[in-house]
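As a plain string of letters, each chain reads:
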Amino acid sequence: MSEQDDQNVDAPAHTPEQTGQRSTGPGVSRRGVLAGGAGLGLGSLLGASPALAQKQGEVQLAEHDHSGTMSNRLYSVNPAHPEMADIAENPVNVPAPIERSEPATVQVELETIELEAHLSNNSTFRFWTFNGTVPGPMIRVRVGDTVEVTMKNADDSWMMHNVDFHAATGPGGGAEATTAAPGETKKVTFKALNPGIYVYHCAVPPVALHIANGMYGMILVEPEEGLPPVDREFYVMQGEIYTEEAFGTSGLLTESYEKLLNERPEFFVMNGHVGALTDHYPLKAQVGESVRIFYGSGGPNYSAAFHVIGEIFDRVHPYGSLTSPPLENVQTAMVPAGGAIMTEFTTQVPGTYVLVDHALSRAERGLAGHLIVEGEENHEIFNPMEEEDTA
Ligand SMILES: [Cu+2]
């Protein structure tokens, strides 16, 4: 017997509280984060990039249609450009751990939304999204649950869309069953047979184009016993964006199918756009807290060498497997395109830690995030040896 579960991953995005959270970010100003990062040297990976150093006044703003669906909330979430839509997903948007000990039926509502939004500090792009964010909402269920997916393709979409859940067992992961023209709504249900961390993505041909334009997300299928409790959980996914114009170009950029086929992206991004996890939504924790990062690569093409500069992963669950023993004491974790991992570590020293793909050329094309750790210094573990110490 299954009980009905009220989890609705679509609902939080509609609430004023959520919009407020997005609009203010975690209480850190863009200027403050960049300044703090630059002070640490490595944090300037993004802030010092010549292409990003252009003045905000040069930004060319595109016209937006505010009508319809969920678009309205998106116009208040960019501290730098409040008039510009922002698709960045806040990495703290991880659904709460599941307390149930019995399977349930979980409702998942997805809406595919195409919208022009902030790509870098001087450019915009027409993203294709699930629920208006990149990555789409993180979904959390328990092994044995029945997942009832309702997928609406927004009325003002230009393209067909669908959703392929890697956590589903069945043809296309639900892709055929959910293929929807603009304005259509489709449904599919699947039973979550295997625990793990899975990617979902749009699978309308050309699939790589739909993914590159932002249509990917993550679904966590908890094992029966759940996951060990931690202090902080974060949701981060990286992807590539292929534009005709070179990285750093101002204005509304155009997708490049040729560069996509040649696997030559102009942009690499964490959580949707350049600066999403450095300027807008840096990860934050206190010294001594246990941190869990669910890290996925939407791709479509590039696997990631996930590394947090200045930290060591105490545990890594590679390939999204939660039932195999974790690897311990790992510096850099491979994340396949279309795959995800779970990493855990405890913070011990305050400072700004930079999340990277250690294929570091990608950082010059936008791929970086910050984990800001606050608390007491611990000079036994790390001592920068300032002048008074060495005198
Ligand atoms: Cu699509």
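Identification of the chain as Copper-containing nitrite reductase from Fodinicurvata halophila is taken from an unreviewed UniProt entry. Quoted verbatim from the Catalytic activity (unreviewed entry) field of UniProt, the annotation for the chain is "nitric oxide + Fe(III)-[cytochrome c] + H2O = Fe(II)-[cytochrome c] + nitrite + 2 H(+)". Within the UniProt record for the chain, the comment given under Sequence similarities (unreviewed entry) is "Belongs to the multicopper oxidase family."

A.B. asks: How should I be thinking about unusual backbone geometry in this particular structure?
C.D. replies: Working note: non-glycine residues mostly have negative phi, and peptide bonds are mostly trans. Between Val134 and Pro135 the backbone carries a cis peptide bond, its omega angle lying at -5°. In this structure, Pro206 follows Pro205 across a cis peptide bond, with omega equal to -10°. If you check the backbone angles, Asn131 has positive phi at about 60° while not being a glycine. Along the chain, the position of Asn131 falls in the loop between β3 (123-130) and β4 (139-142). Its identity as a non-glycine residue notwithstanding, Asn329 has a phi of 60°, on the positive side. Here Asn329 lies in strand β17 (residues 327-330). What makes Asn329 exposed here is the crowd of 10 C-beta atoms within 10 Å.

A.B. asks: Quick question: what am I supposed to make of the environment of Glu263 here?
C.D. replies: Relative to the elements of secondary structure, Glu263 occurs in the loop between α6 (257-261) and β12 (267-270). Judged by C-beta crowding, with 13 C-beta atoms within 10 Å, Glu263 ranks as partly exposed. In this structure the C-alpha to C-alpha distance between Glu263 and Tyr242, which are 21 residues apart in sequence, comes to 8.3 Å.

A.B. asks: Help me out: how do you make sense of the pairing of strand β14 (residues 290-299) in this one?
C.D. replies: Consecutive residues of a regular strand have side chains that alternate between opposite faces of the sheet. Buried residues dominate β14, accounting for nine of its 10 residues. Where strand β10 (residues 232-241) meets β14, eight bridges bridge the pair, whose relative direction is parallel. If you follow Met237 over to β14, its bridge partner there is Gly296. As judged from the seven bridges shared by β14 and strand β19 (residues 339-346), these two strands associate in the antiparallel manner. Looking at the pairing, Gly296 lines up with Ala340 of β19.

A.B. asks: What exactly am I supposed to notice about the sheet that holds β19 here?
C.D. replies: Consider a sheet: its strands pair through backbone hydrogen bonds, and that pairing is either parallel or antiparallel. Read across the open sheet, the six strands follow the order β12-β10-β14-β19-β16-β17; overall the sheet is mixed. Single-partner strands in this sheet number two, and they are β12 and β17. Strand-to-strand twist across the sheet, computed as the mean angle between neighbouring axes with direction ignored, equals 25°. Of the strand pairs in this sheet, β10 and β12 are connected by four bridges, and their pairing is antiparallel. By the bridge assignment, Gly239 is partnered in β12 with Val269.

Conventions we followed
Residues numbered from 1 in each chain as written. Predicted model: local features only at pLDDT ≥ 70, side-chain atom pairs only at ≥ 80, totals over all residues. UniProt positions renumbered as here; feature names shortened; annotations may be inferred. Helix = DSSP H or I, 4+ residues; strand = E, 2+ residues; numbered from the N terminus. Buried ≥ 20, exposed ≤ 12 C-beta atoms within 10 Å, placed from the backbone. Pairing = 2+ DSSP bridges. Axes fitted to C-alpha atoms, helices over the stretch in contact; angles between N-to-C directions.

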